[in-house]
Amino acid sequence: MTEAFFSSSDKVAAGRLRHLARTAPKGMHHGRNASGRSGASQDFSDFQPYAPGDDIRNVDWNVYVRTNQLFIKRFMDERELRVSVILDASRSMGGGRWLFARRLCGMLGLMALAADDHLHFFTAGEPTPSSFTAKGARNRNRFLGHLEQLQSPGGTGFAGAAASENLLGASVRYIVTDGLEPPASFRPLFRKLRKSAGEVRMVLLTDDRTDMPAGTRDVRFVDSETGKAVDVTLTASAMHRQQELRERHFSELAALCREYGIALLEAVEQEGAADFVSRKMRRAGWVR
């Protein structure tokens, strides 16, 4: 993992944040999230070899004296969250948006790993999907390396591909996408997610720059999702119509999210992944 892809300061910031879930964590091993279980005692679960990033207070020094190896104790009272991140890898996610999306996934994943939560990450919408599953702070650099090496997106049909996956149970599930597919194409995915336990949150990636050229002229528009091109004469009325269609598209997607109980936040690429997580997601009550 290189500093150019994910800065040290963002890594530190991610380590200080935690995912919040309104439902009680479902994991069966030690984490840093209260389970809501009654009783003040911590029931011992098992031992795990110590790794850099683990809480030194959980080291069992009696075991160290006997074995000359460091082990940490795991308990049942504090249970892990199961955090799932689904990344849209369809063609429209290319360019600067792809870098921003991977950095955002990096923030979400590092937060989970630093808190000793269980992380499951996968891409959908590309010819060769990629996945990563891990738990514990020792896996942070490995996860960032995995994200950095992801190839540029080039497929189509993100929502359909994601819906066809075997979706593991999760306490919190994030969908990171630009939402440029027809809103109705998300319905099978949302329907499947509603049947699974846990909260679902969509992060909708947008760009505050306009792609519309100025003045009346002949232009060729290329659909970033399908690659299809269309020649049009660009006028003020045509630009206004295009803006109306865009607003209607995202309004329909937002309505579909509300129908299925999916929380939605818009992430502008220019604001940066770390700022989005620490400000907008914190205000929304998604992280603390």
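Residues numbered from 1 in each chain as written. Predicted model: local features only at pLDDT ≥ 70, side-chain atom pairs only at ≥ 80, totals over all residues. Heavy atoms only, no water.

1. So, unusual backbone geometry
Now for step 1: A positive phi angle, close to 60°, is found at Asn-68, a residue other than glycine.
Now for step 2: Looking at the secondary structure, you find Asn-68 in the loop between helix H2 (61-67) and strand S3 (71-75).
Now for step 3: Since its relative accessible area comes to 57%, Asn-68 is described here as exposed.
Now for step 4: Phi is positive for Asp-116, which is not a glycine, with a value near 65°. (Helix = DSSP H or I, 4+ residues; strand = E, 2+ residues; numbered from the N terminus. Buried < 20%, exposed > 50% of the residue type's maximum accessible area, 1.4 Å probe, protein only.)

2. Section: the sheet that holds strand S7 (residues 131-135)
The pairing of strands in a sheet happens through backbone hydrogen bonds and is either parallel or antiparallel.
Now for step 1: On the basis of which strands lie adjacent, the open sheet formed by 6 strands has the order S7-S6-S5-S8-S9-S12 and mixed pairing. Whereas interior strands pair on both sides, the edge strands pair on one side only; in this sheet they are S7 and strand S12 (263-268). Shown here is a sheet whose adjacent strand axes are inclined to one another by a mean of 15°, direction ignored.
Now for step 2: Relative to S12, strand S9 (residues 199-206) runs parallel, the two sharing 6 bridges. Across the sheet, Met-202 pairs through a bridge with Leu-264, a residue of S12. (Pairing = 2+ DSSP bridges. Axes fitted to C-alpha atoms, helices over the stretch in contact; angles between N-to-C directions.)

3. Let's talk about the confidence of the model for the chain
Now for step 1: This prediction gives the chain a mean pLDDT of 85; 83% of its residues lie at or above 70.
Now for step 2: Averaged pLDDT values for the elements of the chain fall to 49 in strand S1 (residues 30-34) and rise to 98 in strand S8 (residues 172-177).
Now for step 3: A low-confidence stretch, residues 25-31 (pLDDT under 50), is modelled with 34 contacts involving residues beyond four sequence positions or located in other chains.
Now for step 4: Here residues 34-41 scores under 50 on pLDDT; set against residues more than four positions off or in separate chains, the count is 11 contacts. (pLDDT = per-residue confidence, 0-100. Contact = heavy atoms within 4.5 Å.)

4. A closer look at helix H3 (residues 96-114)
Now for step 1: The end-to-end C-alpha distance of H3, which contains 19 residues, comes to 27 Å, matching closely the 27 Å that a straight helix rising 1.5 Å per residue would cover.
Now for step 2: Burial analysis of H3 places 16 of its 19 residues in the buried class, which makes it a mostly covered element. (Expected span 1.5 Å × (residues − 1).)

5. Section: the nonpolar core
Now for step 1: In this structure, Val-85, Leu-87, Leu-104, Phe-121, Val-176, Leu-205 and Met-281 are the most contacted members of the largest nonpolar core, which totals 43 residues.
Now for step 2: Here this core gets 11 residues from one element, more than from any other, and that element is H3.
Now for step 3: In this structure, Ile-86, Phe-158, Leu-189 and Leu-256 belong to the second largest nonpolar core, which totals 22 residues. (Core = buried A, V, L, I, M, F, W, Y, C linked by side-chain atoms within 4.5 Å.)

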